[in-house]
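The residues making up each chain are set out below.
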Amino acid sequence: MDCPYRLDCKPGGSPDDPDRQEKSDGIPPTYTSIRTPEGTYVEYATGEREYYDNRTDPHQLNNTYAQLPADRRDQLHQTLKKLTERRGSAECTAAATVP
């Protein structure tokens, strides 16, 4: 089973990533994110958070993170945290469960 989430980490990321930036200059800021058919959730190293509803806002113009219920924000954060700690298909699939 493929991982249902796409995990992005820029800059930083995997040491094997040919686009890895050794020094974060803040452009773009360091972030991690997950993308699902429903939405894109982003956490920046600065502490900022973003959420875009991919069904109604496919161009990601309206950050609706503040409108998400607190339990949904926590679920997304915990899922992203688990995914960034895991490596490999089996671990990814186990971690990629948003209640």
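Residues numbered from 1 in each chain as written. Predicted model: local features only at pLDDT ≥ 70, side-chain atom pairs only at ≥ 80, totals over all residues. Heavy atoms only, no water.

## A word on the nonpolar core
Here comes step 1: Counting eight residues, the largest nonpolar core is built from I34, Y41, Y51, Y65, L68, L76, L80 and L83.
Here comes step 2: In terms of residue count, helix α1 (residues 70–85) provides more of this core than any other element does, three residues in total.
Here comes step 3: Apart from residues no more than four positions distant in its own chain, Y41 is found in contact with T32, S33, I34, R49, E50, Y51, Y65, R73, L76, H77 and L80. (Core = buried A, V, L, I, M, F, W, Y, C linked by side-chain atoms within 4.5 Å. Buried < 20%, exposed > 50% of the residue type's maximum accessible area, 1.4 Å probe, protein only. Helix = DSSP H or I, 4+ residues; strand = E, 2+ residues; numbered from the N terminus. Contact = heavy atoms within 4.5 Å.)

## Comments concerning the environment of T56
Here comes step 1: Note on placement: T56 falls in the loop between β4 (49–53) and α1.
Here comes step 2: Residue class for T56 comes out exposed when judged on its relative accessible area of 65%.
Here comes step 3: Residues T56 and G39, spaced 17 residues apart in sequence, show a C-alpha to C-alpha distance of 9.3 Å.

## Quick notes on the confidence of the model for the chain
Here comes step 1: On average, residues of the chain score 77 in pLDDT, and 59% of them reach the 70 mark or higher.
Here comes step 2: Averaged pLDDT values over the elements of the chain bottom out at 52 in strand β1 (residues 6–10) and peak at 96 in β4. (pLDDT = per-residue confidence, 0-100.)

## A closer look at the packing of aromatic side chains
Here comes step 1: Under the counting rule described, the total for this entry stands at two aromatic pairs.
Here comes step 2: Here R73 stacks its cationic end above the ring of Y65, 5.5 Å away from the centre of that ring. (Phe/Tyr/Trp six-rings, centres within 6.5 Å; stacked < 30°, edge-to-face > 60°. Lys NZ or Arg CZ within 6 Å of the ring centre and 35° of its normal.)

## Notes on the pairing of strand β2 (residues 31–35)
Moving residue by residue along a regular strand, the side chains alternate between the two faces of the sheet.
Here comes step 1: Within β2, four of the five residues are buried, which leaves it mostly tucked inside the rest of the structure.
Here comes step 2: Across five bridges, β2 lies against strand β3 (residues 39–44) in antiparallel orientation. Following the sheet pairing, S33 is matched in β3 by V42.
Here comes step 3: Connecting the antiparallel pair β2 and β3 is a turn made up of three residues. (Pairing = 2+ DSSP bridges.)

## Here's the deal with the pattern of salt bridges
Here comes step 1: Under the counting rule described, the total for this entry stands at two salt bridges.
Here comes step 2: For R49, the salt bridge goes to E43, with nearest N and O atoms at 3.7 Å.
Here comes step 3: Residue classification places R49 among the partly exposed positions, given a relative accessible area of 25%.
Here comes step 4: Under the relative-accessibility criterion, E43 is labelled buried at 12%.
Here comes step 5: Between D53 and R55 there is a salt bridge, with its nearest N and O atoms 3.3 Å apart.
Here comes step 6: For D53, a relative accessible area of 17% gives the class buried. (Salt bridge = Lys/Arg side-chain N within 4 Å of Asp/Glu carboxyl O.)

## Focus on the pairing of β3
Here comes step 1: In terms of burial, β3 is largely enclosed, as six of its six residues are buried.
Here comes step 2: Side chains G39, Y41 and E43 of β3 all project onto a buried face; the interleaved residues T40, V42 and Y44 project onto the opposite face, where all are buried too.
Here comes step 3: One ladder, built from five bridges, connects β3 with β4; its direction is antiparallel. Paired with V42 across the bridge in β4 is E50.
Here comes step 4: Hairpin connection of β3 to β4: four residues between the antiparallel strands, including G47 at a positive phi of 100°.

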